[in-house]
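Here is how the chains run, residue by residue.
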Amino acid sequence: ETETETEKERERHTHTHKETEIETVTETEQDRETEETVFEAGGMRYEVISPSARTVKLVRGKDAPRVFVHTASYKGRQYQVKEIAAGAFRGCKKKLKKITIGANVEIIGTHAFQGCRKLANVVLKKNAKLRKVGSGAFQKTAKKIKVKLPKNLKKNKKLKRQLKKAGIKRGL
């Protein structure tokens, strides 16, 4: 009986320990939920991709003559922009003429700049990590829109094909 009582006691202890682990996980999930996943900074809206890596996706751009997409600051934290979401600048018809895309941006979503009729210059910063451009990303932009690629991307045939499908014919 002594062994049986000890086993039951161990079982109770293990059960209690498991409950504690479950509670800890639940608290962590609640912490994640309370952390803001969408914020606005500099007139643009961002969605947090990874709070620990401090990376964001630009989900809504602004219609200004020149826009630089690189980092976003919010509540004292600096975030790297990794992606420009599908339709992020769609319809920025009046002012947007030049977009400079920072080195950390890897993806430009479909129709990201569609309808930005005055957009004529797209500049990718030195050592750009751009690897994907969605179809129609530069549809209905200025007729003579051109892109300036950094040295590290000039020989990337796949990316050039994507840019052509996206609506850029010059500067490739």
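Predicted, not measured: the structure shown is a model, and the values here were computed from it.

**Points about the pattern of salt bridges**
Opposite charge on two side chains allows them to pair when their charged atoms are near.
Here comes step 1: Under the definition given, this model contains 3 salt bridges.
Here comes step 2: When the shortest N-O distance is used, the salt bridge between K82 and E106 registers 3.5 Å. Placement of K82 in strand β6 (residues 77-84) and of E106 in the loop between β7 (98-101) and β8 (107-108) is noted, with a sequence separation of 24 residues between them.
Here comes step 3: Taking the relative accessible area as the measure of exposure, K82 reaches 23% and is therefore partly exposed.
Here comes step 4: For E106, the salt bridge goes to R131, with nearest N and O atoms at 3.4 Å. With E106 in the loop between β7 and β8 and R131 in the loop between β9 (121-124) and β10 (132-133), the pair connects residues that are 25 residues apart, well separated along the chain.
Here comes step 5: Owing to a relative accessible area of 48%, R131 belongs among the partly exposed residues under this scheme.
Here comes step 6: Each of K82, E106 and R131 takes part in salt bridges that share partners, so that together they form one network.

**Description of the confidence of the model for the chain**
Here comes step 1: With 80% of its residues at a pLDDT of at least 70, the chain reaches an overall mean of 84.
Here comes step 2: Averaged over each element, pLDDT in the chain is lowest for helix α1 (residues 2-34) (46) and highest for β8 (98).

**A few points about the pairing of strand β4 (residues 66-69)**
Here comes step 1: Residues V67 and V69 of β4 are buried on one face, while the alternating residues R66 and F68, pointing to the opposite face, are not.
Here comes step 2: Strand direction decides the pairing type here: β4 and β7, joined by 4 bridges, are parallel. If you follow V67 over to β7, its bridge partner there is I99.

**Points about the packing of aromatic side chains**
Here comes step 1: Evaluated as defined, the whole model comprises 5 aromatic pairs.
Here comes step 2: Between F39 and Y79, the aromatic rings sit 5.3 Å apart at their centres with planes inclined by 40°, giving tilted as the arrangement. Residue F39 is found in strand β1 (residues 38-41), and its partner Y79 is found in strand β6; the two are separated by 40 residues along the sequence. As far as the burial class goes, F39 and Y79 line up, both buried.

**Here we look at the sheet that holds β4**
Here comes step 1: With parallel pairing, the 4 strands of this open sheet are ordered in space as β4-β7-β9-β11. Each of the sheet's edge strands pairs with one partner strand only, and the pair in question is β4 and β11 (146-148). For this sheet, the mean angle separating the axes of adjacent strands, direction not counted, is 15°.
Here comes step 2: By the bridge criterion, 3 bridges tie β9 to β11 in an arrangement that is parallel. Note that in β11 the partner of N121 across the bridge is K146.

**Here we look at a positive patch on the surface**
Here comes step 1: A surface patch of like charges, here positive, comprises R66, K97, K98, K118, K125, K126, K148, K151 and K154.
Here comes step 2: With respect to the helices, strands and loops of the structure, K148 is situated in strand β11.

Calculation notes
Residues numbered from 1 in each chain as written. Predicted model: local features only at pLDDT ≥ 70, side-chain atom pairs only at ≥ 80, totals over all residues. Heavy atoms only, no water. Salt bridge = Lys/Arg side-chain N within 4 Å of Asp/Glu carboxyl O. Helix = DSSP H or I, 4+ residues; strand = E, 2+ residues; numbered from the N terminus. Buried < 20%, exposed > 50% of the residue type's maximum accessible area, 1.4 Å probe, protein only. pLDDT = per-residue confidence, 0-100. Pairing = 2+ DSSP bridges. Phe/Tyr/Trp six-rings, centres within 6.5 Å; stacked < 30°, edge-to-face > 60°. Axes fitted to C-alpha atoms, helices over the stretch in contact; angles between N-to-C directions. Patch = residues over 30% accessible without salt bridge, like charges linked within 9 Å, V, L, I, M, F, W, Y side chains within 5 Å. Areas by Shrake-Rupley, 256 points an atom, 1.4 Å probe, with all protein chains shown as cover. Lys, Arg positive; Asp, Glu negative; His and termini not counted. Charge placed at Lys NZ, Arg CZ, Asp CG, Glu CD.

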